[in-house]
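The residues making up each chain are set out below.
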Amino acid sequence: MSRLFILIIVFAGPAGFGQVPGYLGKRFTFFMDANPAPALLVQNTNNALVLNNDDPSYAGKKNSFAFNFRPQLTMDYLIHRDVSVGLTFSYVMTGTTRSFSSTDEANQPLRMFDGASVKGESAGLVFKFFRFRHSSSIPPIGMYKTISLQVTRANTYDHFNSKEKILLEDVVAPVLGFGIGRQTILARNLLLKTGVEFGFAIVPYHFLTESADDWSAEQFTTYRLHQSIFSYHLFNFSVGLGYIPF
Amino acid sequence: MMMKFLLPGLMVLLGGAVLAQNFDQYKTLVPAGPIPRDFTEKSFVKVAAEFKNMSASSTSSRRTKSRFYLESTFSIDDFLSSGSVLFNDQVSLYLRDVLNEVLKPYPHLIGKVRIYAVKSPVVNAFTTNNGIIFVNLGLLSRLENEAQLAFVLSHEVIHYEKQHILNAYITGLDIDRRNGNYKNISSEERGFAKSTYSKELESEADQAGSEIFLKSNYSKDSVEGIFTILKYADLPLSLKKFDKRIFESRRYVFQDSLMRFEKTSLDADEDYDDSKSSHPNVRKRKEAVLRKIGGKRGGKLFIISESAFHTVKKIARYEMIRMQLLEHQFLYALNGALDLQSTNPHSDFVRESVAKSLYGIAKQKSYDEFEVSLEEWNDESSKLASLIKNIDSYEAHVLALRHLYKCRENNLANKEIDLMIRDLVQSLIATGDLSPDRFDISKDWGNRQRYTQYAFEDAERPSGFIEIVKSELKNPRAERKQASGRYNEITMITEDIDKIVVVNPKYRKTDRRKRQRTRHIQAEKVVIDMNEKIHASAGKLNLLSEILNTNTLTPTEVRTMQSNTILNDWLQEQFRSGDQRMISPIYNEVAEVAAIHKTDHFLWLGCSSVIQKKKGKGYLIASAAIMPSILPWSAAYFFTPRGRTYYFALMFNVKTQELELSDLRSMSMKDSASLLESNIFYTLFRISNAKE
């Protein structure tokens, strides 16, 4: 991926050099985003939810201010007055539920559920289209739309600090993202980004079409992981700080 | 001791060198010498001083006065930086001398009251609360003697001494807010109440001003004449004699029928209805002042200098023509220039002004935009107005060309005249009305061109004009090149640009959430910082930049003020010209400015920001109550005001008169230093990268 980014800078950059003002001539922006999302559809790493939806996955904690976060690093480069291309890397960290088999006092098999954590990472490309005609400001200041394509790799863990994967193989899913927002300068070379982002994770959708009662413990854990990845990316606020080094 | 005598001597010598005006080669008045403090002191410093010296009986009164001082100081300073106000020039210095003569019995006011001449054709003088008297050249062009000027200044001094401007402001607010005596006033009566109060102040200024005037040694008999001047202030000066032969030659003769109109009497009414006016009508004022003066007679018409007065009046009349040309009042300019020509037959300025006026009339006729109301022209001038009104566009073109060509023969190097000739020739070519044969006097062109055919036969070298026509026929004016970009981002740059001059950058800030909406002081600080931002951006782009910023002047930067005066006149005329694309009547003046600054590219830029309350806060509160997790965003939205920022940058090539670049943006963003910096950089970036 990094090679691709270098290629973009080498080939697309010079082609657009004559037409790209950037911020006082600076075109490169380095962003750190928190991407908070209210834990509505998926628990957070503490297994807290904003609403009790009475789902089996409910982990028992309810907190009105429960948020999921997706720490993200992005490097944007303006290749045209109104267009930047960026490389992004984000850390996936959210909650899920898993299922396992156990026995009761009479040694009868039992299906158990437990809160668990999803950990993983995502990387991809972000194309940011500044809405010059709308905000009329000179990028990187102003309103924007983004289209991103990322690949997410994640697995279920017992808890956030655990290093032991529950599933033998990581789930790998492409995520198609769309965002809108605005960037303003807080201080010299320091940008504030605010907006919203919608992501569509392409995972198997058994969790939407099937009943969890029919699933095996492994299927339950896998499908819940799919659901978590899907819901985790579905919507988040976009809040980040950026720096414009050159 | 030596210095005591040497210094005034040097000043007289140097002053004389600077001030001498050659009317044959008349150059427009520009500010001179060290810039007075009124122009260099920052507005916020002036406001702070006003606040410090302010006396107020109550909190409400203090608030009202604070607001007045803030608004008036910034408004006056805007005017001072407009380029219309002159200082240390021949006229302003003479005005100062007359004022000091009037104020001799009032030594405490000498130096406290300052006086400047203003390049405005309006017959008026006015005073500010902080002691500046502005006297329009339009008024000076009409006065008959120094004593009349002294009376006008006596009147204006009273406006300052009695704080009339402040009182009018406070009373105006009281009327609007229905305070005190105005408690039961109806909406309809408000305007009447304000007008009545204003008239009271003017009457007081007339009465108390008369007392000042009576203490002077100026002629008391001269006063009545001022009211005659006021009576006819809106009418053009009438020519002493108009003979159409000044436009004709042996065979180039206008038909007598073209001068069908001749009005002989002036019928301005001095007893007009003044119920909605700020001043009592002329008759009432005249009677009151003459009563005050009573039977007092005697005094001198001139004390400072009769010749200085007449020189100043002459300058004012020359400047009137220039201002009328700039304001596209071409018939007025022609009337004034013809009047001056009778007494100044060798003046190139007057001769060229006649030609330029005719050029303007021809252009307006070609666009069907020439309008004249014959009712306002009297006596001999009405004959001129009638002739000009009745000639058609073709005839007006030929008449203008004839005069322009004569000016050209007198001075081949006059670029402005040459451009005007070529412009008119091209206009005639475009309408199919011109070929070299058209002026061949051996041919018979029939009835229509029976006299225009001979327009150039009395020129020193008639063939020279035919050569111009042939040369222009070979290079017909190309269809105007379509600018690239949307209307708000025009680019017409055709050469590499090494240097730009930014003229008088502007910044306005409005906060609609505040009682004092216009944020003058914050805006002034931004303008002061703009120099640094412009230089920084230009530096990054290897573009040389010079800034004529009237907000950051030092006393020695008079050249900035001089350039600013001419450039602002030029820009206003350009906007007035619009699609007619006329050659500026001050093309040569602005070309000189371009030569001084070593660039043809002048940039006007500025920014305005508006901050207002956000709407829909109730929905936000309700949403946050239902879904507490959106509270951080609701709170951020709740406490962040809505801002819009408007930015403009217009760059002209003053030699080609093309708008080379426009950058107009209405941003849905709150203003900030970075946002402004980014916009300035983008404009300069486009300039340095936009060669087509």
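Everything numeric here is computed off the predicted structure, so don't read it as measured data. (Residues numbered from 1 in each chain as written. Chains lettered and ligands numbered in written order. Predicted model: local features only at pLDDT ≥ 70, side-chain atom pairs only at ≥ 80, totals over all residues. Heavy atoms only, no water.)

Visitor: Teacher, can you tell me more about the pairing of strand β8 (residues 109-130) of chain A here?
Guide: Moving residue by residue along a regular strand, the side chains alternate between the two faces of the sheet. Residues and elements named next belong to chain A. Relative to β8, strand β7 (residues 83-103) runs antiparallel, the two sharing 21 bridges. Of the residues in β8, the one forming a bridge with S102 is L110. The antiparallel hairpin formed by β7 and β8 contains five residues in its connecting segment, where N107 sits at a positive phi of about 60°. One ladder, built from 14 bridges, connects β8 with strand β9 (residues 142-157); its direction is antiparallel. Directly across from A123, in β9, lies its bridge partner V151. (Pairing = 2+ DSSP bridges. Helix = DSSP H or I, 4+ residues; strand = E, 2+ residues; numbered from the N terminus.)

Visitor: Would you mind showing me how to read the side chain of S154(B) here?
Guide: Inspection of the secondary structure assignment puts S154(B) in helix α7 (residues 146-161). Residues contacting S154(B), with those up to four places away along its chain left out, are V102(B), G209(B), I212(B) and F213(B). (Contact = heavy atoms within 4.5 Å.)

Visitor: Hey, could you run me through the packing of aromatic side chains in this one?
Guide: Applying the stated criterion across every chain yields a total of 44 aromatic pairs over all chains. Ring geometry for F39(B) against F87(B): centres 4.7 Å apart, planes inclined by 55°, an arrangement best described as tilted. Taken together, the residues F39(B) in helix α2 (residues 37-40) and F87(B) in the loop between α4 (59-80) and α5 (90-102) connect sequence positions 48 residues apart. With respect to class, F39(B) is no different from F87(B); both count as buried. Ring centres of F456(B) and F465(B) lie 3.8 Å apart, and the angle between their planes is 10°; on these two criteria the pair is classed as stacked. Take F456(B): its relative accessible area is 5%, and that puts it in the buried class. The rings of F67(A), F69(A), F198(A), F235(A), F237(A) and W633(B) are connected pair by pair, giving a single aromatic cluster. Positioned over the ring face of F160(A) is K119(A), at 5.8 Å from the centre of the ring. (Phe/Tyr/Trp six-rings, centres within 6.5 Å; stacked < 30°, edge-to-face > 60°. Buried < 20%, exposed > 50% of the residue type's maximum accessible area, 1.4 Å probe, protein only. Lys NZ or Arg CZ within 6 Å of the ring centre and 35° of its normal.)

Visitor: What is the right way to look at the confidence of the model for chain A in this model?
Guide: Low pLDDT means the predicted coordinates in that region are not meant to be read closely. Taken as a whole, chain A shows an average pLDDT of 85; of its residues, 89% reach a score of 70 or greater. The low-confidence segment residues 9-17 of chain A, where pLDDT is below 50, has ten contacts with residues more than four positions distant or belonging to other chains. (pLDDT = per-residue confidence, 0-100.)

Visitor: Quick question: what am I supposed to make of a positive patch on the surface here?
Guide: Side chains of R63(B), R67(B), R177(B) and R515(B) sit close together on the surface and give a patch of like positive charge. By secondary structure assignment, the location of R177(B) is in helix α8 (residues 164-177). (Patch = residues over 30% accessible without salt bridge, like charges linked within 9 Å, V, L, I, M, F, W, Y side chains within 5 Å. Areas by Shrake-Rupley, 256 points an atom, 1.4 Å probe, with all protein chains shown as cover. Salt bridge = Lys/Arg side-chain N within 4 Å of Asp/Glu carboxyl O. Lys, Arg positive; Asp, Glu negative; His and termini not counted. Charge placed at Lys NZ, Arg CZ, Asp CG, Glu CD.)

Visitor: Looking at this model, I keep getting lost on the pattern of salt bridges. Mind explaining?
Guide: Side chains that carry opposite charge are capable of pairing whenever their charged atoms lie near each other. By the definition in use, this model includes 48 salt bridges over all chains. A salt bridge links E416(B) to K356(B), with the shortest nitrogen-to-oxygen separation between them at 2.7 Å. Taken together, the positions of E416(B) in helix α17 (residues 415-430) and K356(B) in helix α14 (residues 348-366) put the pair 60 residues apart, joining distant regions of the chain. Across the pair, exposure class does not vary: E416(B) and K356(B) are buried alike. Three or more residues are tied together by salt bridges with common partners; here these are E121(A), R153(A), K165(A) and D170(A).

Visitor: Help me understand unusual backbone geometry in this model?
Guide: As a rule of thumb, non-glycine residues mostly have phi less than zero, and peptide bonds are mostly trans rather than cis. The omega angle of the peptide bond from P139(A) to P140(A) is 10°, so this bond is cis rather than trans. Take P140(A): it is sitting in the loop between α2 (132-135) and β9. Within the chain, Q163(B) stands out as a residue other than glycine whose phi angle is a positive 55°. Examined against the element boundaries, Q163(B) turns out to sit in the loop between α7 and α8. Judged by relative accessible area, Q163(B) falls into the partly exposed class, the value being 24%.

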